[in-house]
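# Topology and contacts: notes
Listed here are the chains, written in short residue letters.
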Amino acid sequence: MYQFPKGFLWGAATSAPQSEGAALKDGKSPTTWDKWFEMEPELFYDQVGPENTSNTYELYKEDVANMKAMNLNSFRTSIAWSRLLPDGKNLNPKAVAFYRDYFQELVDNGVEPIINLFHFDMPWWLMEKGGWEARESVDHFAYYASVAFEQFGDIVKKWATFNEPLVHIECGYYGDAHWPKVHDFKRAIQVGYHTLLAHAKAVAAFRESKYNDGQISIILNLSPVYPRSQEPADLEAAKWADHIYIRSFLDCAVKGDFADEFVALLKEADLAPVTEAGDREIFLNNTVDFVGCNYYQPMRVQAPEVAKRPISDPHDLFAPYDWPEKRINPHRGWEIYPRGIYDIAMRLKESYDNIPWYISENGMGVSEEERFENLDGIIEDDYRIEFIEDHLAELHRAIEAGSPCFGYHLWTFADCWSWLNAYKNRYGYYRVDIKDGFKRTPKQSSFWMADVIAKNGFSR
Ligand code: BG6
C-alpha cells in the first residue's frame, strides 16, 4: 500500500488563458495569445484560438461540483492579468466578482485554491512596451500582484507568482512557440532576469499585504538533467543545462541568489543582464514559502557535436540520442520516466534545505483521445492511470525518504486549450467536448483517482 501523509493535497491544475474562454468578454483586454491568433490563426492546431477555451468563465460551478465528486481537496488556476486590470491600472469589477465567486465556490466545496498570477499570458498593451524585456514590466507586475492579494487574499491562502517562466522564455526568446518568437539568448537572459525580479517584487507585495497570513510560491518546470555518459564533455554539458533549466530560477526563488559559477559564465560570454543597484537585496529578502514542481519528462543531455560554448544556444545540449531505458508516450512523444520525480524530490530536500514543495503538474497528453471511448461514452484511459500510479509510487518513495512533498496535482482537471497545440493533446480527468458546448464527461481515471483520494493512497 502506498499511503500518503495526512492532509496530502490531491488536485489538478489549469490556467486562466487555457480554461476560461471569454477572452474579450466583460472588459478583458487582449493578451499576446489573443493578438497572435488574430494575426496567424493557421499556426494554431485546427485553428482553435484562445477565445474558445473550455468556458470555465460560465461553467466553473459545474467544474467545482465535479471536483467535489472526485474528492479533490485542492485545485490550481490563475488570474488573467488583463481581465483584472485591463489597462494595467484600473480594476475591472466584473473580474473581481468572477474570481471572488469562483474562489469562494472552491473553498465552500472543500477544494483549496492555489492561485497563480502569470501563466504565459502577457497583456498586449504591455507587450507593446517591450514585454518582459522592458524593466517597467517589473513594477506593473508587482502592482497587479498587490491588487490580486488585496482583492482575493481573504479567500486565497496559497499563491504562486509564475508558472514555468523558463518555458515562456525558451519558447518566446529562443524558440517559436510563444510570442514574440525571437531568437536571441542575450535577450532571453534579460527577460529571465526581469521575470525573476517581478517575481521577487510580487513576493514583497505579498509580505506587505493585509492578508499575508498565507503562503507564496513559484511554479517551475524541474526536469532532472541526465548526461549521456560520464565523459567530461557530457558532464560539462549537463552542468550547464542544470544551471540554466534548474538552478537559475530555483536558486534565486528559494535562496535569494544565483550560483557564482553561473554569474561568472554569463559575464564571460557577454550575456550578463542589465541590473540596478538594490536588485540583489530584493532577491535576498523575498524568497518563497514553498515551490511548485511541474514534472513531465527528464532532460537528456549530451555535449554539442561541434565544440562551441553551449550557453550561446542551450538547445545544442539536447541533440537526441538513444537512451537504453527510454520509454515514450506514443500519444505525445514525450519520454515517460517516473524515476525522475524521485530524483527531483530528493534534490529539493537535499539542496534546498527541506523547502516544502508539491507536484504542481504531472500528466500524460494523448492526441485523438476519443479513440478510447467505450460504449457508454466513457474514455477508458488506463494508460493515464498507469502513468499516474508509476509516478505516485516514485513520489511515495521520496516522501518515505524524507522529501517534504505535500501534494500531487495532475495536469489537468478538465481538458483544456494548450497554446499552439490548442486541443490536440488531452490531459484531463474530465473530457471536454468542444463541439458540444464544452460538455464535460468523466474519464475512467477520474473514478480511479476518487478512490485513491478517499483512501489517501493505493495498492498495486
Ligand atoms: C505544461 C504547461 O508544461 O504543459 C501547460 O504548463 C501546457 O500550460 C502543458 O498546457 C501541456 O502541453 P502540450 O503541448 O502537451 O499541450
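See the structure printed just above.
In this report, we go over the structure that sits alongside the text. Being a predicted model, the structure only gives us computed values, none of them experimental. (Residues numbered from 1 in each chain as written. Predicted model: local features only at pLDDT ≥ 70, side-chain atom pairs only at ≥ 80, totals over all residues.)

### Some words on the overall build of the protein
- In terms of regular secondary structure, the protein is built from 15 helices and 16 strands.
- What you see for the protein is a C-alpha radius of gyration of 21 Å, in line with the 23 Å of a compact globule of 460 residues.
- C-alpha atoms of the protein, sized along the principal axes, occupy 60 × 55 × 45 Å.
- Burial analysis of the protein (460 residues in total) assigns 49% to the buried set. (Helix = DSSP H or I, 4+ residues; strand = E, 2+ residues; numbered from the N terminus. Rg over C-alpha atoms; globule rule 2.2 N^0.38 Å. Buried ≥ 20, exposed ≤ 12 C-beta atoms within 10 Å, placed from the backbone.)

### Side note on helix 3 (residues 56-69)
- Along its length, helix 3 reaches its greatest deviation from straightness, about 35°, at Glu-62.
- Three or more residues of helix 3 are buried, namely Thr-56, Tyr-57, Leu-59, Tyr-60, Asp-63, Val-64 and Met-67.
- Turning to helix 3, the residues buried within the fold contact helix 1 (16-19), strand 3 (74-78) and helix 5 (93-108).
- Looking one or two residues past helix 3, Asn-71 carries a phi angle of roughly 70°, positive in sign. (Bend = angle between axes of the 7 residues up to and from the residue. Contact = placed C-beta atoms within 7 Å.)

### Regarding the sheet that holds strand 10 (residues 357-361)
- Taken together, 8 strands build a closed barrel; the order of strands is 2-3-4-5-6-8-10-12 and the barrel is parallel. The average undirected angle you get between the axes of adjacent strands in this sheet is 25°.
- In this structure, strand 6 (residues 215-221) lies alongside strand 8 (residues 290-294), joined through 5 bridges in parallel fashion. By the bridge assignment for strand 8, Ile-219 is matched with Gly-292. (Pairing = 2+ DSSP bridges. Axes fitted to C-alpha atoms, helices over the stretch in contact; angles between N-to-C directions.)

### Digging into the packing of helix 8 (residues 165-173) against helix 9 (residues 185-208)
- In the contact formed by helix 8 and helix 9, the axes pass within 10 Å of each other and the chain directions differ by 155°. Our classification of the angle between helix 8 and helix 9 gives roughly antiparallel. Remark: the crossing between helix 8 and helix 9 carries right-handed chirality. Residues Pro-165, Ile-169 and Tyr-173 of helix 8 form the contact with helix 9, whose own contacting residues are Arg-187, Ala-188, Val-191, Gly-192 and Thr-195.
- Here the contact of helix 8 with helix 9 is composed, by residue class, of 5 nonpolar, 2 polar and 1 charged. (Parallel < 35°, antiparallel > 145°, perpendicular 65-115°, else oblique. Left-handed = near helix turned anticlockwise from the far one by under 90°. Nonpolar A, V, L, I, M, F, W, Y, C, P; charged D, E, K, R; others polar.)

### Overview of unusual backbone geometry
- Along the chain, Trp-179 connects to Pro-180 via a cis peptide bond; the corresponding omega equals 10°.
- Structurally, Pro-180 can be placed in the loop between helix 8 and helix 9.
- Non-glycine residue Asp-46 carries a positive phi angle of around 55°.
- Considering the arrangement of structural elements, one finds Asp-46 in the loop between helix 2 (32-39) and helix 3.
- Located in the positive-phi region is Asp-270, a residue other than glycine, with phi close to 55°.
- Assessed through the 8 C-beta atoms surrounding it within 10 Å, Asp-270 is described here as exposed.

### Observations concerning the nonpolar core
- Core analysis: the biggest nonpolar cluster contains 131 residues, and Ile-79, Ala-145, Ala-202, Ala-241, Val-291 and Leu-395 have the highest contact counts within it.
- Sequence-distant contacts of Leu-395, defined by excluding residues within four places in its chain, comprise Ile-341, Ala-345, Ile-359, Cys-405 and Tyr-408. (Core = buried A, V, L, I, M, F, W, Y, C linked by C-beta atoms within 7 Å.)

### A look at the pairing of strand 10
- Here strand 10 lies mainly inside the structure; 5 of its 5 residues are buried.
- By the bridge criterion, 4 bridges tie strand 8 to strand 10 in an arrangement that is parallel. When the bridges of strand 10 are listed, Cys-293 appears paired with Ile-359.

### Concerning the environment of Phe-262
- Tracing the backbone through its elements, the reader meets Phe-262 in helix 11 (residues 260-268).
- By C-beta crowding, Phe-262 is classed as partly exposed, having 18 other C-beta atoms within 10 Å.
- Between the C-alpha atom of Phe-262 and that of Trp-33, which follows or precedes it by 229 residues, the distance is 32 Å.
- When residues no more than four places from it in sequence are discounted, the contact partners of Phe-262 are His-243, Arg-247 and Ser-248.

Keep in mind these values describe shape, not function.
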